[in-house]
Structures are given as structure tokens and as C-alpha cells.
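What follows is the residue order along each chain.
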Amino acid sequence: MPIDIYMFKVSPPCRAVLMTALEINVKLNEKLIDPSKGELLSPDFVKLNPTHAVPAIDDNGFVMWESRAIMQFLCNKYAPDSTLYPKDAKLRAQVDMWLNMDISLYIKIRQTLVTGYYGMPVKPEDEKQLWANIKLIDQLIGNRQYLVGDRLTIADLSLLATSAGTTLLDQDLTEYPHFKQWSDGLAQSLPYYQEINIVAPEVRQQFINNMKAYMSKMKEMMNK
Ligand SMILES: N[C@@H](CCC(=O)N[C@@H](CS)C(=O)NCC(=O)O)C(=O)O
């Protein structure tokens, strides 16, 4: 039986898992969740994932969430010899290190760019930290083609999905040339990049409008 993935397409962590599954030929059955309809908080979904976030997977009764842990699980279970999540302890540690750094970046993006898009107030200090974080990542990437060693790993896929979200939200990364060169290089070389990561502008705008409306409805309800 295929593995169910609960997801929505504009979500960076969902896209990271989708790219991982494609790389290791694991079939995922997409169960689409609409956050603007409150589906993340529906009793059925919360029962499945009490943290009410996507992605979550159900691998024939084994349920888990947290995209990076899902990517590690899929590699461990279905492609243990794949270089996507290398077995060598030091290479694996470096992959894990990047995955953890990517979590901080993703959180900053949510607190700033995404929050702004949904019409909610953004703290200037969060915005400052976001760009400081991107600057640091830019320096750490340097001239690398891949984040770890000389091959694609899940660290690349996770950060790529996160940064595709960044460009998706109209940010100009020209001031971060290494980051841009690395992500453009992967975007060009991965055959599934466009299909997974690029959402048509009108679909994206509709998603943002729906989320804005949902957020303001929730705010009103909380203020009552
Ligand atoms: N650390 C989590 C973050 C997941 C996450 O924040 N997902 C967003 C969509 S991009 C979500 O479902 N948010 C709803 C919520 O947190 O209530 C992961 O990597 O899976």
C-alpha cells in the first residue's frame, strides 16, 4: 500500500518530502489539506497529527510528522544505501547539521515573509534576523554545488524547498550570490523542480487571499 502524505502544495516542508520521495522512488498518496478551511484543526487531522501541521505521513499505520524526520525515515526505511542520506557518520552529521539550520531559517521565514503575506504584523527584529540568517547561510554555502560532499542529499532538498518559498514570495536574493547560485543550480538540474516547487501566480494569490480571510476570521473569533 502506498504511503499517505497529508499536505498542501505551497508548504515548503511538504515539497521537501515530495522531492525526497521522488529521488528514492517511493510512491506517496497525496491527501490534500486546505488550511484556509480550518482543515489542519479538524478533529480527524488533529487525531492523526496533534501538532496540527503538514506534512504528516501514514505508512500503513505508522504515523509521523516533521518533514526532516520524515525524509530521514523514508531514506532509512526505503533507500538505506542511498547517498541522499549518507551512511558515513561524518557526512550524515553534516547533513543533520544543515537540516537543523534549515529549521531555524524556515521559522524565521514564517515569522516574517509568510506572516506579512497573511496581513499580520511582522516584528522588525525578526526580519533583521531572517536576513542575517540568510547572509550566514550564503557565506557557508560559498561555491558549493551541494551542501554536503559532492552529491545531492536531503539537506539540499530541505533547504531548497525552504528557499524556493523565499523566492516564491518575491524576495530578491541577488545580494546573496552563493545562496542564489546553489539554489539556481539545483533548480536547473533537478528534473522535478518546477513541477513540485513552482505554483502558478494566480493559484498562489488565491491561496494567500484565502489564508488572509481565514486568519482575520480566527482573530475576530478570538477577540469576541
Ligand atoms: N517543523 C515542521 C513545520 C511544519 C509546518 O510549519 N507546516 C505548516 C505548513 S508550511 C503548517 O502546517 N502550519 C500549521 C500550524 O503550525 O498550525 C516541519 O518541518 O514539518
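Residues numbered from 1 in each chain as written. Predicted model: local features only at pLDDT ≥ 70, side-chain atom pairs only at ≥ 80, totals over all residues. Heavy atoms only, no water.

J.: Got a minute to help me understand the overall build of the chain in this structure?
T.: When helices and strands are tallied, the chain shows 9 helices and 4 strands. N-terminal to C-terminal, the α/β element order of the chain is β-α-β-α-β-β-α-α-α-α-α-α-α. Relative to the compact-globule value of 17 Å for 224 residues, the chain shows a C-alpha radius of gyration of 18 Å, a close match. Structurally, the chain occupies a C-alpha span of about 55 × 45 × 30 Å along its principal axes. A total of 224 residues make up the chain; the buried ones form 48% of that total. Contacts spanning at least 24 positions in sequence make up 68% of the contacts within the chain whose residues lie at least 6 apart. (Helix = DSSP H or I, 4+ residues; strand = E, 2+ residues; numbered from the N terminus. Rg over C-alpha atoms; globule rule 2.2 N^0.38 Å. Buried < 20%, exposed > 50% of the residue type's maximum accessible area, 1.4 Å probe, protein only. Contact = heavy atoms within 4.5 Å.)

J.: Even after reading the chapter, I still don't get helix α4 (residues 89–117), so can you show me in this structure?
T.: For an α-helix, 3.6 residues make a turn, and residues three or four places apart therefore share a direction. For α4, spanning 29 residues, the distance from its first C-alpha to its last is 40 Å, which sits close to the expected 42 Å at 1.5 Å a residue. Most pronounced at R110, the bend in α4 amounts to some 35 degrees. Of all the residues in α4, the buried ones are V95, W98, L99, D102, L105, Y106, K108, I109, T112, L113, V114 and T115. Taken together, the buried residues of α4 touch α1 (12–23), α3 (67–78), α5 (124–141), α6 (154–168) and α7 (177–189). Put simply, D88 is the residue that caps the front of α4, since its side-chain oxygen is 3.1 Å from the backbone nitrogen of K90. (Expected span 1.5 Å × (residues − 1). Bend = angle between axes of the 7 residues up to and from the residue. Polar contact = N/O pair within 3.5 Å; in protein donor to acceptor, adjacent residues only side chain to side chain.)

J.: Can you help me understand the site of the ligand in this one?
T.: Neighbouring residues of the ligand: 13 residues in total, closest V54, E66, S67, Y106 and R110. R68 places a polar side-chain atom, nitrogen or oxygen, 2.9 Å from an oxygen atom of the ligand. At 3.2 Å from an oxygen atom of the ligand is found a side-chain nitrogen or oxygen belonging to Y106. Contact with the protein chains covers 80% of the free accessible surface of the ligand, which is 510 Å². Mapped by element, the contributors of at least two residues to the shell around the ligand are α3 and α4. In terms of residue class, the shell around the ligand is made up of 7 nonpolar, 3 polar and 3 charged. (Near = heavy atom within 4 Å. Areas by Shrake-Rupley, 256 points an atom, 1.4 Å probe, with all protein chains shown as cover. Nonpolar A, V, L, I, M, F, W, Y, C, P; charged D, E, K, R; others polar.)

J.: What am I meant to see in the environment of L136 here?
T.: With respect to the helices, strands and loops of the structure, L136 is situated in helix α5. L136 gets classed as partly exposed once you look at its relative accessible area, which sits at 46%. C-alpha separation for the pair L136 and L113, spaced 23 residues apart in sequence, amounts to 18 Å.

J.: Please explain the packing of α4 against α5 as it appears in this structure.
T.: Angle between the axes and distance between the axes: these two values describe a pair of packed helices. Two elements in contact, α4 and α5, have axes whose closest approach is 9 Å; the angle formed by their N-to-C orientations is 150 degrees. Our pair here, α4 against α5, has a crossing hand that is left-handed. In this structure, α4 contributes W98, M101, S104, L105, K108, I109, Q111, T112 and L113 to the contact, and α5 contributes D126, E127, Q129, L130, N133, I134, I137, L140 and I141. (Axes fitted to C-alpha atoms, helices over the stretch in contact; angles between N-to-C directions. Left-handed = near helix turned anticlockwise from the far one by under 90°.)

J.: Help me out: how do you make sense of the domain arrangement of the chain in this one?
T.: In many reports, interface size means the accessible area that the parts give up when they come together. Here the chain is partitioned into domain 1 (3–80) and domain 2 (89–196). Tallying the contact residues gives 15 residues for domain 1 and 19 residues for domain 2. For the domain 1 and domain 2 pair, buried surface summed over both sides reaches about 1600 Å², with 67% attributable to carbon and sulfur atoms. Connecting domain 1 to domain 2 are 1 salt bridge. At the junction of domain 1 and domain 2, the tally comes to 8 residue pairs in polar contact (both at pLDDT 80 or more). Mapped by element, the contributors of at least two residues to the side of domain 1 that touches domain 2 are α1 and α3. It is α1 that contributes the most residues to the side of domain 1 that touches domain 2, 9 residues altogether. (Domains from an automatic or database assignment. Buried area = accessible area lost by both parts, 1.4 Å probe. Salt bridge = Lys/Arg side-chain N within 4 Å of Asp/Glu carboxyl O.)

J.: Would you mind showing me how to read the pairing of strand β1 (residues 3–7) here?
T.: Note on strand geometry: in a regular strand, side chains alternate between the two faces of the sheet. With respect to burial, β1 is a largely interior element, 5 of its 5 residues being buried. The alternating pattern of β1 places I3, I5 and M7 on one face and D4 and Y6 on the opposite face, and all of these are buried. Note: β1 against strand β2 (residues 28–32), 5 bridges, orientation parallel. Paired with M7 across the bridge in β2 is L32. Read from β1 through α1 to β2, the crossover connection turns out right-handed. (Pairing = 2+ DSSP bridges. Right-handed = clockwise from strand over helix to strand, strands pointing away.)

J.: How should I be thinking about the state of the cysteines in this particular structure?
T.: Applying the stated criterion across every chain yields a total of 0 disulfides. Free of any disulfide, C14 has its nearest neighbouring cysteine sulfur in C75, separated by 17 Å. Accessibility expressed as a relative area gives 0% for C14, which makes it buried. (Disulfide = S-S within 2.5 Å.)

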